[in-house]
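Examining the three-dimensional arrangement
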Amino acid sequence: MPVEVILPKVDMDMETGTIEAWHVKEGDLVRQGDTIFEIGTNKAVMEVEAPATGAIRNIKVETGVPISVGTPVAWIYLDGEAATTPSEPAAAAAPVAAATAVSKTEAPAASVIAVAPASSSLRATPLARRIARQNALDLKTVTGTGPRGRIGEVDVKRHLEQRPRCAPVQETCPAPVAGASEGRLQPFSAIRRIVANRLSESMRSAPHFYLTSEIEMSAARDLLGRLAKRHERVGVPKPSLTVLIARVAARILRDHPVINASVEGEATRFHERIDIGIAMERDGDLVVPVLRDAGGMDMPAMTREFARLRGGMAKRTLTPAELGGGTFTISNLGMYGVDSFTAIINPPQGAILAIGRTIDKPVGRDGQIVLRPMANFTLSSDHRIVDGVAAARFMADLREALENPELLL
Amino acid sequence: MPSDALDAVSEIRELSYAEAVREALGQAMEADERVFLFGEDVGVYGGAFGVSGDLVHRFGKDRVIDTPISELGIAGAAVGAAITGMRPVLEIQFSDFVTLAMEQLVNQAAKIRFMFGGKASVPMVVRLPGGSGTGAAAQHSQSLEAWFAHVPGLKVLQPSTPHDAKGMLLAAIDDPNPVLIFEHKLLYKTKGHVPAEAYRVPIGKAAIRREGTDVTIVGSSIMARKAEAAAERLAADGISAEVIDLRSIRPIDFTTIAESVRKSHRLLVVYEGVKTMGIGAEISAMISESEVFDFLDAPIIRLGGADAPIPYNPVLEKAAVPQEDDIVAAATNLVRRGEA
């Protein structure tokens, strides 16, 4: 059997990596321990060694393309093995995009050389599997240090000990499966785990408070209608309400630096640029592509960029960089008929805006009860860096801008 | 007899394995006139390995019977005597010769109780000196216990200490069904504490010779002793090995093995019989089939006899069966994860 060369996990939270450079080419003979490629993470470039001695065949992955940890990238044929194409997992090298950028504080994981097995050929002892089951741990995330990369008890226990932010607080840890378990147990996907960790951490460490404003959307609607016609003339897709709100938020965030800020230890980081993340759903996973430098975009540019991000997300061609590092986030569930809701802050950001549906409601205008399209906007703020009045001022400006968008011009 | 005085003596008393067996035979014959010995040279000569010794002088030629050289005849006569209510204890001079007695042991002794619906039973004991290490070559050095452990209706014991040799033989003589006791020839001269009174060691209960946490080493007969010595050396290397002396391979004390593996997560089975299709395979499979499977953190490793007739050359003879060094190396690999 040829030996699989996989993209190893070289960092604790690493879900994807990029081969920066191949040191070998198709057909080269390598000795176990020779450096065969360099792997790039968001922190460093590390050398990966050959897991066996033989001929390199079927190099599958180009440099510079982010791929999942554990993806086979080549095979090593031992002496005398015919170099036919081995059966490979389908879509083995499909680029993937992680939900959010990898956390920047973790210690590097164990051995760079150790080869984390792909799921189909995962080697683990029964005890390792049992402990993983009890802790709802996906063994694919564990690096085996036993013979042939086998995962043993020691590897799982080490992994569990290092599992970030989970151990200290019980309620966010997966409940152990006690006795006979009911229903289907689905281990977290890589993205689900990151989402779970980050949002748990956010709720735990960021004291959230919420301000809700009901804002009349008549003017915004009219503007969207006019913009749609203009976009049509210049060949730009129809703008959505989400993009319009992002555009408005990007404009007024300039005047509210504390809302466009992040928590950094015991300091506030005020961001020069306004990068607005838009919460989206893909195959049941929460992903947050980011409109970079949204403050500098006009509506057509933003509409185009939004369409590009949405397309890239569906096709899974977005890079981790495009999916992380925003300075402010917008989440719109209005299209599902949600009236209003509160969102969890996307750390280390300081605030997130949750948008409900627009619906005609009776309101008082000039002494009369009239129907107006109204929508609820709820701002969740991290009270460590945002005070109530600062958040209220932002909401006041948001109302004014949405109700009188011409003021922004 | 003043039992206090007896206890005081037995506290300090050491006997060899052969002496312990002889004492059990003597005490059983004293206690029950139905018990008699039967075998080649067990009388005047005192047994090929000196086990029966002076018993012929104490109990006479009617109860310590020298037989012709016919294992089939000895075994058949013993089965018949047992059915009629006697308690024969026969000695197969070398366990290798038991091949000649297979019909009586496997088809008769093991089956009669079942064929007659419990109306007859065969309370006989067969003692079989076995094992290698005496330079006696392929036809006088085998370990055939696994053959009999495959036969329902037989019990198969492998005591490793003088204490167990005596206590298990007395328990076997009490047993209403056929019991085979494989005695390793190299153990006959080993010494150990043996109480003077006629005590019994229960059949089917393993002994934990040493407690440990990193790896379970299971063996019986001389391999249990080698495992104990190996565990001592492993401890010096920081490996805590639990040593289980099976004492009985049929019935086998699976519970004790399972509880140990549940704790240590690793299992090494050591046996002198040929490794292929042997006791180790059975124990390994029992663990794999049980709920303890989920507690294994490494493959189960068997150390067994080579797939070859026991060589005459003393160097090769040693190499053909697991030795203390082999156990130390195997257990170390298992714990240090170099097992593959």
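1. Topic: the overall build of chain A
The number of helices and strands found in chain A is seven helices and 18 strands. Here chain A holds 409 residues, and 38% of them are scored as buried. Of all intrachain contacts in chain A linking residues separated by at least 6 positions in sequence, the fraction that spans at least 24 positions is 67%.

2. Quick word on the interface of chain A and chain B
Chain A puts ten residues into the contact, and the matching count from chain B is eleven residues. Take the side of chain A that touches chain B: its biggest share by element is four residues, from helix α1 (residues 126-134) of chain A. Of the residues contributing to the side of chain A that touches chain B, the split by class is four nonpolar, three polar and three charged.

3. Description of the sheet that holds strand β3 (residues 64-66) of chain B
Residue and element names in this part refer to chain B. Strand order in the open sheet formed by seven strands is β3-β2-β4-β5-β7-β6-β12, with mixed pairing between adjacent strands. This sheet does not close on itself; its edge strands, each paired only once, are β3 and β12 (248-250). Each strand of the sheet is rotated relative to its neighbour by a mean of 20°, with strand direction disregarded. Two elements, strand β4 (residues 87-91) and strand β5 (residues 125-130), share three bridges in a ladder whose sense is parallel. From the neighbouring strand, Glu-91 faces β5, where its bridge partner is Arg-127.

4. A look at helix α4 (residues 218-234) of chain A
Every α-helix carries 3.6 residues per turn, so stepping three or four residues along brings you back to the same face. A rise of 1.5 Å per residue sets the reference length of α4 of chain A, with its 17 residues, at 24 Å; its end C-alpha atoms lie 25 Å apart and thus fit the reference within 8%. Of the residues one or two after α4 of chain A, Gly-235 of chain A is the one with positive phi, at around 75°.

5. Notes on the confidence of the model for chain A
All names here are of chain A. Per-residue confidence for chain A gives a mean pLDDT of 81, with 83% of residues at or over 70. Within the model, the stretch residues 85-119 combines pLDDT values under 50 with 105 contacts to residues more than four positions away or in other chains. Scored below 50 in pLDDT, residues 165-173 shows eight contacts in the model against residues more than four places distant or in partner chains.

6. Here's the deal with the packing of helix α4 (residues 71-83) of chain B against helix α5 (residues 102-109) of chain B
Residue and element names in this part refer to chain B. Between α4 and α5, the least distance of the axes is 8 Å, while the angle of their chain directions is 30°. When the interaxial angle is binned, α4 and α5 end up roughly parallel. On the side of α4, the interface is formed by Leu-72, Ala-75, Gly-76 and Val-79, while α5 contributes Glu-103, Gln-104, Leu-105, Gln-108 and Ala-109. Residues of the contact of α4 with α5, tallied by class, amount to five nonpolar, three polar and one charged.

7. What to know about the sheet that holds strand β8 (residues 72-77) of chain A
Residues and elements named next belong to chain A. Spatially, the four strands line up as an open sheet ordered β1-β8-β6-β3, and their pairing is antiparallel. Looking at strand neighbours, the two that pair on one side only are β1 (3-6) and β3 (29-30), the edges of this open sheet. Sheet topology note: the β3/strand β6 (residues 54-57) ladder contains two bridges and is antiparallel. Of the residues in β6, the one forming a bridge with Leu-29 is Ala-55.

8. Some remarks on helix α3 (residues 190-205) of chain A
Residue and element names in this part refer to chain A. For α3, spanning 16 residues, the distance from its first C-alpha to its last is 22 Å, which sits close to the expected 22 Å at 1.5 Å a residue. All of the buried residues in α3 are Ala-190, Ile-191, Arg-193, Ile-194, Val-195 and Arg-198. Lining the buried residues of α3 we find β14 (285-287).

9. Comments concerning the environment of Leu-253 of chain A
All names here are of chain A. Along the chain, the position of Leu-253 falls in helix α5 (residues 241-253). Taking C-alpha positions, Leu-253 is 9.3 Å from Leu-398, a pair spaced 145 residues apart along the chain. Beyond its immediate chain neighbours, meaning those up to four positions away, Leu-253 contacts Ile-259, Asn-260, Ile-274, Gly-295 and Phe-328.

10. Observations regarding the nonpolar core
Within the largest apolar cluster, 109 residues are counted, with the highest numbers of intra-cluster contacts made by Ala-172, Ile-181, Ile-217, Leu-268, Val-270 and Ala-331 of chain B. With eight residues, the top contributor of residues to this core is helix α2 (residues 17-31) of chain B. A domain-level breakdown of this core finds at least three residues from each of domain 1 (3-193) and domain 2 (207-335) of chain B. The residues contacting Ala-172 of chain B, other than those within four sequence positions of it, are Val-125, Leu-157, Val-179, Ile-181 and Ile-203 of chain B. Of all hydrophobic cores here, the second largest spans 49 residues; its members include Ile-245, Ala-249, Ile-259 and Ile-385 of chain A.

11. Regarding the pairing of β4 of chain B
All names here are of chain B. With five of its five residues buried, β4 lies for the most part within the structure. Side chains of β4 alternate between two faces, with Arg-87, Val-89 and Glu-91 and Pro-88 and Leu-90 buried alike. The pairing of strand β2 (residues 35-39) with β4 spans five bridges and is classified as parallel. Residue pairing in the sheet places Phe-38 in a bridge with Leu-90 of β4.

12. Some remarks on the packing of helix α9 (residues 221-236) of chain B against helix α13 (residues 324-335) of chain B
Any two packed helices are characterised by how steeply their axes cross, that is the angle between the axes, and by the distance between the axes. All names here are of chain B. Put simply, α9 and α13 touch, their axes get as near as 9 Å, and they point 55° apart. It follows that α9 is oblique to α13 by the angle criterion. Seen from above, α9 lies across α13 with right-handed handedness. Contacts between α9 and α13 involve Lys-226, Ala-227, Ala-229, Ala-230, Arg-233 and Leu-234 from the first element and Glu-324, Ile-327, Val-328, Ala-331 and Thr-332 from the second. Here the contact of α9 with α13 is composed, by residue class, of seven nonpolar, one polar and three charged.

13. Structural notes on unusual backbone geometry
Of the consecutive residues Pro-347 of chain A and Pro-348 of chain A, the connecting peptide bond is found in the cis state with omega at 5°. One can find Pro-348 of chain A in the loop between β16 (328-332) and β17 (351-365). The peptide bond linking Arg-250 of chain B to Pro-251 of chain B adopts the cis configuration, its omega dihedral lying at 0°. Summarising the element assignment, Pro-251 of chain B is placed in the loop between β12 and α10 (254-264). Backbone geometry places Ala-137 of chain B, a non-glycine residue, at a positive phi of 65°. Looking at the element boundaries, Ala-137 of chain B is found in the loop between β5 and α7 (145-149). Here Ala-137 of chain B falls in the partly exposed class, since 14 other C-beta atoms lie within 10 Å of it.

14. Some remarks on the confidence of the model for chain B
This prediction gives chain B a mean pLDDT of 95; 96% of its residues lie at or above 70. Here the prediction assigns the complex a pTM of 0.55, and the interface score ipTM is 0.77.

15. Considering the environment of Thr-378 of chain A
All names here are of chain A. Inspection of the secondary structure assignment puts Thr-378 in strand β18 (residues 368-382). The exposure class assigned to Thr-378 is partly exposed, which follows from the 19 C-beta atoms found within 10 Å. The spatial distance from the C-alpha of Thr-378 to the C-alpha of Ala-354 is 5.0 Å, given a sequence separation of 24 residues. If we skip the residues at most four places from it in the chain, Thr-378 touches Tyr-210, Leu-211, Thr-212, Ser-340, Phe-341, Thr-342 and Ala-354.

Rules of the game
Residues numbered from 1 in each chain as written. Chains lettered and ligands numbered in written order. Predicted model: local features only at pLDDT ≥ 70, side-chain atom pairs only at ≥ 80, totals over all residues. Helix = DSSP H or I, 4+ residues; strand = E, 2+ residues; numbered from the N terminus. Buried ≥ 20, exposed ≤ 12 C-beta atoms within 10 Å, placed from the backbone. Contact = placed C-beta atoms within 7 Å. Nonpolar A, V, L, I, M, F, W, Y, C, P; charged D, E, K, R; others polar. Pairing = 2+ DSSP bridges. Axes fitted to C-alpha atoms, helices over the stretch in contact; angles between N-to-C directions. Expected span 1.5 Å × (residues − 1). pLDDT = per-residue confidence, 0-100. Parallel < 35°, antiparallel > 145°, perpendicular 65-115°, else oblique. Core = buried A, V, L, I, M, F, W, Y, C linked by C-beta atoms within 7 Å. Domains from an automatic or database assignment. Left-handed = near helix turned anticlockwise from the far one by under 90°.

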